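Per-entry structural report
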Amino acid sequence: MASTLAPRPAPAATTEKELRAGRRPLLNRLLSRPELGSLIGAVAVFAVFFALAPTFRQGDSFATVLYAASVVGIMAVGVALLMIGGEFDLSAGVAVVTAALTAGMAGYYLNLNVWAAAGISLLVALAIGFANGAILVRTKLPSFLVTLSMFLMLQGLNIAVTKLVTGSVSGPNISDMDGYESARAVFASSVPVPVLGGVRITVIWWLVFVAAATWVLMRTRVGNWIFAVGGNAESARAVGVPVTRVKIGLFMTVGFFAWFSGMHLLTASGRQQSGEGVGMELLYIMAAVVGGCLLTGGFGSVIGAAIGAFIYGMTTMGIVYAGWDNNWVMFFVGAMLLLAVVVNAWVRRQASKR
C-alpha cells in the first residue's frame, strides 16, 4: 500500500547572509573578551623576537622568559582581581619586600624555623591588605590616596626598621636556618621540563594561581560580586552584595600574593635588601591593564593579566637576547602599555557596535 505521507522537503540552501549571521555571535564573543588585545600583542612580540633573536628560540632561554613573566605575573593575579573590583594598590611592590624582610628578621632574631617566620610574615602581609581595605571603605577615600600613603609608610619602615635592627640596609642571611631548604623547594626551586631544560617553580605556581583565580572569577558567586562591585558599588549593595567584605577581601588577596612573592625573594637568595620593590607596583598594574582590566573597574580577566605579564617577560628578556641596549627596556614597556590600552579600547568599541 502506497504511503500517504508527503515527502519531507529538502532543506533550503544556506545563503551567504545566513552563514554570516551564524558566525557573528562567535565574533562578538571574541571581541568582548578582555584578553583579546593582549593576545594579539603577545603573538606580535613573540614573532618579532623569534625572528630577530636566535637565542630567544632556545629552550633554556625561553624558560628564563617564563621566569621573568612569573615574577610579575603572580602579583598581577591579585592586582587584576582588585582592579576588576574597582580599586588598585600602589603599595603592592614594597609590600612584597616587607613580607620578605619580616620573615627574615623574625626567623633570625627570634630563632624560629623558617616556616614559623613565614607564618608571621603572612599575618603581616594580610594585615597590610586589611588596613588598606578597611581605611578605604571607612573613609571612602580613593584607593590611589590610601595605597600611596601605605606605599610611603612601608618604604620608610622597610629601610628604617632594617637599619635599626641589623645596622645595615640588608636583612639577615637565613640560608643556614632550620626549614630554609624545604621553604626554598616550595618557593624558589627549579622543576625539570622537557625541551625547556627546567623552569623555576614560580612558573608552576603562577599557572596554578591564574587557573584558580579564573575559576573563582568566572564560576563562583564571589566572582559575580567582584564584577558587580567594580561596575557599580552602590547598585551592587542595593541587591545584597557585601561590598565592604569584597573590597577588604580583595586587598587581603593582594596581601597574600605579596607574601608569596616575598617568600620567593627571600628563599631565592637567603636575604633581602630593604630598598627594593619601589616601582614594581607599576609593572603589576601594567600587566593587568595590558591584559584588558579597566582602571574604572568592572571589566577584565586574570588570563589577560597573565598574558600581559608574559608580554613583559618576552620584552625584557627579548631585548637582551637580541643584543639591544638594555636601557630601552622601560621605553618599550611604556609603549607596549599605551598601545595595549588603545587596542583594548578599540576592541571594546567594536564589540559594543555589534
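Residues numbered from 1 in each chain as written. Predicted model: local features only at pLDDT ≥ 70, side-chain atom pairs only at ≥ 80, totals over all residues. Heavy atoms only, no water.

Under the annotation held in an unreviewed UniProt entry, the protein chain carries the name Xylose transport system permease protein XylH and is attributed to Nocardiopsis endophytica. What UniProt records for the protein chain under Function (unreviewed entry) is the sentence "Part of the binding-protein-dependent transport system for D-xylose. Probably responsible for the translocation of the substrate across the membrane." (UniProt positions renumbered as here; feature names shortened; annotations may be inferred.)

Side note on the packing of helix α3 (residues 59-84) against helix α8 (residues 201-219)
Contact geometry of α3 with α8 gives a least axis separation of 8 Å together with a crossing angle of 20°. Judged by the inter-axis angle, α3 sits roughly parallel to α8. By crossing handedness, the relation of α3 to α8 is classed as left-handed. Between α3, through L66, Y67, A69, S70, G73, I74, V77, L81 and I84, and α8, the contact on the second element is made entirely by T202, V203, W206, F209, V210, A213 and L217. (Axes fitted to C-alpha atoms, helices over the stretch in contact; angles between N-to-C directions. Helix = DSSP H or I, 4+ residues; strand = E, 2+ residues; numbered from the N terminus. Parallel < 35°, antiparallel > 145°, perpendicular 65-115°, else oblique. Left-handed = near helix turned anticlockwise from the far one by under 90°. Contact = heavy atoms within 4.5 Å.)

Topic: a nonpolar patch on the surface
A contiguous nonpolar surface patch, about 600 Å² in accessible area, is contributed by V48, L52, W324, W328, F331 and F332. Those elements that place two or more of their residues in the nonpolar patch are α2 (36-52) and α14 (329-353). With respect to the helices and strands, W328 occurs in the loop between α13 (302-321) and α14. (Patch = residues over 30% accessible without salt bridge, like charges linked within 9 Å, V, L, I, M, F, W, Y side chains within 5 Å. Areas by Shrake-Rupley, 256 points an atom, 1.4 Å probe, with all protein chains shown as cover. Salt bridge = Lys/Arg side-chain N within 4 Å of Asp/Glu carboxyl O.)

Quick word on empty space enclosed by the protein
For the structure shown, the criterion picks out one cavity of 30 Å³ or more. Empty space within the largest cavity amounts to approximately 50 Å³. Along its surface, the largest cavity is lined by D89, S91, A92, A95, A125, I128, G129, N132, F251, V254, G255 and A258. Among the residues forming the lining of the largest cavity, the class breakdown is seven nonpolar, four polar and one charged. (1 Å grid on protein atoms, 1.4 Å probe; cavity = no way out; pocket = protein on both sides within 12 Å on 5 of 7 lines; lining within 4 Å. Points joined across faces, edges and corners; volume = space filled by probe spheres on them. Nonpolar A, V, L, I, M, F, W, Y, C, P; charged D, E, K, R; others polar.)

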